[in-house]
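Each chain is listed here by its residues.
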Amino acid sequence: MTLYMTRFAYTPDALAALVKHPQNREDVLRALLEKLGGRLVSFYYSFGTYDGLFIAEMPDETTVTAAIFAVVSPGHLKSVETTVLLTTEQTMEAMRKAGTQTYRAPR
């Protein structure tokens with residue numbers, strides 16, 4: 001399975017609701033990902049542009065997209081960004097494959 005990192009930012013209304021009624025959103029997310037055949041690897045809150053991030057192991061791009069659609073559909077997030085994560089070995093294999101190719105730059 002492939003690893004994906006998703007960063008998220010709550011809307012002001014969602015943050016106000018969480019402050020008023022604190023909830024463990026990690027458990028809610030874990031249940032959703034497991035229903036879709038994935039696994040929550042880690043979940044963190046952060047400061048800055050994003051309020052948090054999670055790393056999930058998912059079977060394929062369609063499934064991770066379905067998870068993200070389900071997560072954003074209630075409207076409590078103002079932004080979400082998902083990135084595919086590659087292991088060192090996957091990256092080394094990509095470098096080896098790239099090394100056997102040629103590509104002409106624009107002139």
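Structure: see above.
Residues numbered from 1 in each chain as written. Predicted model: local features only at pLDDT ≥ 70, side-chain atom pairs only at ≥ 80, totals over all residues. Heavy atoms only, no water.

Asker: Help me get a handle on the sheet that holds strand β4 (residues 77-85), residues and values and all.
Answerer: Spatially, the four strands line up as an open sheet ordered β2-β3-β1-β4, and their pairing is antiparallel. The open sheet terminates on both sides in strands that have one partner only, identified here as β2 (39-45) and β4. The mean angle between the axes of side-by-side strands here comes to 15°, regardless of whether they run parallel or antiparallel. Across eight bridges, the pairing between strand β1 (residues 2-10) and β4 is antiparallel. Paired with Phe8 across the bridge in β4 is Val80. (Pairing = 2+ DSSP bridges. Helix = DSSP H or I, 4+ residues; strand = E, 2+ residues; numbered from the N terminus. Axes fitted to C-alpha atoms, helices over the stretch in contact; angles between N-to-C directions.)

Asker: Let's hear about the packing of helix α2 (residues 25-35) against helix α3 (residues 61-72): which residues, and what values?
Answerer: Put simply, α2 and α3 touch, their axes get as near as 10 Å, and they point 145° apart. The two elements α2 and α3 meet at a crossing, and its hand is right-handed. In contact with Leu29, Leu32 and Leu33 of α2, α3 contributes Ala67, Ala70 and Val71. For the contact of α2 with α3, the per-class residue count stands at six nonpolar, no polar and no charged. (Left-handed = near helix turned anticlockwise from the far one by under 90°. Contact = heavy atoms within 4.5 Å. Nonpolar A, V, L, I, M, F, W, Y, C, P; charged D, E, K, R; others polar.)

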